[in-house]
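Here is how the chains run, residue by residue.
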Amino acid sequence: SWLGHQINLIDAPGHIDFTAEVQRSLRVLDGGVVVFDAVAGVEPQSETVWRQANGYNVPRICFVNKMDRIGADFKRTVGMIKDRLGANPIVVQYPIGEESAFRGIVDLLTQEAYVWMDEDLGSEPKVVAVPPELAAEIEEARHAMVEAIAETDDELTMRYLEGEEISVEELRKALRAATIRNAATPVFCGSALRNRGIQRILDGVVFYLPSPQDIPPIRGTNPYTAKEEERGANANEPLSALVFKIVTDPYVGRLAYFRVYSGVINVGDSLLNSTKDKRERIGRILRMHADHREDLKEVRAGDIAATLGLKSTFTGDTLCDAKAPIILESIDFPEPVIQLAIE
């Protein structure tokens, strides 16, 4: 499960006014969890974010949230994901009850049911047998899921058509492969406010979304030869990192968030900002948590961290090893549609 894995979470805003914020997050992420409202279904801003994720080829899983609200409709939301977004949603969980009766989920792969007791805020779901009144629906939903997963893999398609049993491990492996190449999107459900279904979505991140090793090497341009080069997600390769966000922090000053694509950054390193052709020294490296910061000695390929005190580095700039210069593709922001002058 997700225990023992490091997951870097970047919470990108859903609102259309912050579309540049979404672009800069998508540029450095390996996978996304797209949250839908079970009552509203696919909203117009969801469509925009989905198109942006398509543009950056980001694999996704879906989480249908607010299953306990009046008007929640899981099947309708999944239908909208298919029709409006042109996606291939594969339902891997089935809700037990909807609206105020929502009390659990069935994992269609393992056919285990998880129910939550009201008082524990979803922290300890009980594993129970599938409720008998849902047995026929679950059977049908699992059948549809297995068929949809088999369709993404030629060998499984043959075995499925011959009526062979496909194991949970094989189904997961095929669904992971299909998700990573953007041929399918697994769908989960729950209620985040009550912490219901959150552990399972973390399992989903680990099972189906790519690790940095699953991503093709990043491409960039050598600023001196103008030739295209690539860097794999490997600590032994020369360093390449992209600064994707600058934040002014009231306590520590100007924070630059960066994603390391290859190599290692150590505290005290002198790096080249290849976009500006200027040297930068790394004074401190911080791992940012929601409510505190943790000082690190180094960050390695695939990781996301922040640093302080960069003089001439801004959003979209590349930091790299001066001996192996490379400029990674920057972040394009949409042109503003309105201009204001405030006097």
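Refer to the preceding data block for the structure.
Residues numbered from 1 in each chain as written. Predicted model: local features only at pLDDT ≥ 70, side-chain atom pairs only at ≥ 80, totals over all residues. Heavy atoms only, no water.

Engineer: Help me out: how do you make sense of the packing of helix H4 (residues 135-150) against helix H6 (residues 168-180) in this one?
Structural biologist: When two helices pack together, their arrangement is given by the angle between the helix axes and by the axis-to-axis distance. Remark: H4 packs on H6, axes separated minimally by 10 Å, with the N-to-C direction vectors making an angle of 55°. Between H4 and H6, the angle is such that the two are oblique. Note that H4 runs across H6; the crossing there is left-handed. In this structure, H4 contributes Arg142, Val146 and Ile149 to the contact, and H6 contributes Val168, Leu171, Ala174 and Leu175. When the residues that make up the contact of H4 with H6 are grouped by side-chain class, the tally is six nonpolar, no polar and one charged. (Axes fitted to C-alpha atoms, helices over the stretch in contact; angles between N-to-C directions. Helix = DSSP H or I, 4+ residues; strand = E, 2+ residues; numbered from the N terminus. Parallel < 35°, antiparallel > 145°, perpendicular 65-115°, else oblique. Left-handed = near helix turned anticlockwise from the far one by under 90°. Contact = heavy atoms within 4.5 Å. Nonpolar A, V, L, I, M, F, W, Y, C, P; charged D, E, K, R; others polar.)

Engineer: In this structure, what is going on with the side chain of threonine 185? I would like to understand it.
Structural biologist: Note on placement: threonine 185 falls in strand S8 (residues 185-189). Here threonine 185 is in contact with Trp50, Arg60, Ile61, Cys62, Ala87, Asn88, Pro89 and Ile90, once residues within four sequence places are set aside.

Engineer: Would you take a moment to explain the packing of aromatic side chains for this structure?
Structural biologist: What describes a pair of aromatic rings is the distance from one ring centre to the other and the angle between the planes of the rings. The tally for this structure, following the rule as stated, stands at five aromatic pairs. The interplanar angle of 45° and the centroid separation of 6.3 Å between the aromatic rings of phenylalanine 36 and tryptophan 50 together place this pair among those described as tilted. Taken together, the residues span a long stretch of sequence, with phenylalanine 36 in strand S1 (residues 32-37) and tryptophan 50 in helix H2 (residues 44-55) at a distance of 14 residues. As far as the burial class goes, phenylalanine 36 and tryptophan 50 line up, both buried. Consider the rings of phenylalanine 102 and tryptophan 116, whose centres lie 5.8 Å apart with planes at 50°: the pair is tilted. Here phenylalanine 102, found in the loop between strand S4 (93-96) and strand S5 (104-107), pairs with tryptophan 116, found in the loop between strand S6 (112-115) and strand S7 (126-128); they are 14 residues apart in sequence, far enough to count as distant. (Phe/Tyr/Trp six-rings, centres within 6.5 Å; stacked < 30°, edge-to-face > 60°. Buried < 20%, exposed > 50% of the residue type's maximum accessible area, 1.4 Å probe, protein only.)

Engineer: Is there a simple way to explain unusual backbone geometry in this structure?
Structural biologist: In most cases, non-glycine residues show a negative phi, while peptide bonds are predominantly trans. The phi dihedral of glutamine 111 is positive, around 60°, even though this residue is not glycine. Judged by relative accessible area, which is 43%, glutamine 111 ranks as partly exposed. Despite not being glycine, aspartate 277 has its phi angle at roughly 60°, a positive value. Within the secondary structure, aspartate 277 is located in the loop between strand S14 (270-273) and strand S15 (278-281).

Engineer: Would you explain H4 in this entry?
Structural biologist: Each turn of an α-helix holds 3.6 residues, which means side chains three or four residues apart point in the same direction. In a regular helix each residue adds 1.5 Å, so 16 residues correspond to 22 Å; H4 covers 22 Å between its end C-alpha atoms and thus fits that length. Among the residues of H4, those classed as buried are Ile138, Ala141, Arg142, Met145, Val146, Ala148, Ile149 and Ala150. (Expected span 1.5 Å × (residues − 1).)

Engineer: Before we go on, may I ask you to explain the nonpolar core in this structure?
Structural biologist: For soluble globular proteins, nonpolar side chains are generally found buried alongside one another. Ranked by size, the top nonpolar core spans 53 residues in total, and within it Phe36, Phe74 and Met145 carry the most contacts. Broken down by element, this core gets its largest block of residues, seven residues, from H4. Not counting the four nearest positions on each side in its chain, phenylalanine 74 is found in contact with Val64, Met67, Val91, Gln93, Pro95, Glu98, Val187, Phe188 and Cys189. With 16 residues, the next largest nonpolar core counts Phe244, Ala306, Leu308 and Leu328 among its residues. (Core = buried A, V, L, I, M, F, W, Y, C linked by side-chain atoms within 4.5 Å.)

Engineer: Just checking my understanding: could you explain the sheet that holds S8 for this structure?
Structural biologist: Each strand in a sheet pairs with another by means of backbone hydrogen bonds, the pair being arranged parallel or else antiparallel. Read from one edge to the other, the open sheet built from four strands follows the order S1-S2-S8-S3, with strand pairing classed as parallel. Two strands bound the open sheet, and with one partner strand each, they are S1 and strand S3 (89-91). Taking the axes of each pair of neighbouring strands and ignoring which way they run, one obtains an average angle of 30° across the sheet. Pairing between S1 and strand S2 (residues 60-65): six bridges, direction parallel. Across the sheet, valine 35 pairs through a bridge with phenylalanine 63, a residue of S2. Its contacts with the sheet put helix H7 (residues 198-208) on S1, S2 and S8, and the angle it makes with S2 is roughly 170°. (Pairing = 2+ DSSP bridges.)

Engineer: Explanation requested: the environment of tyrosine 257 in the structure shown.
Structural biologist: Within the fold, tyrosine 257 resides in strand S12 (residues 253-262). The class for tyrosine 257 is buried, based on a relative accessible area of 18%. With 40 residues separating them along the chain, tyrosine 257 and lysine 297 place their C-alpha atoms 16 Å apart. Excluding residues within four positions of it along the chain, tyrosine 257 makes contact with Leu242, Val243, Phe244, Lys245, Val247, Met288, Ala305 and Ala306.

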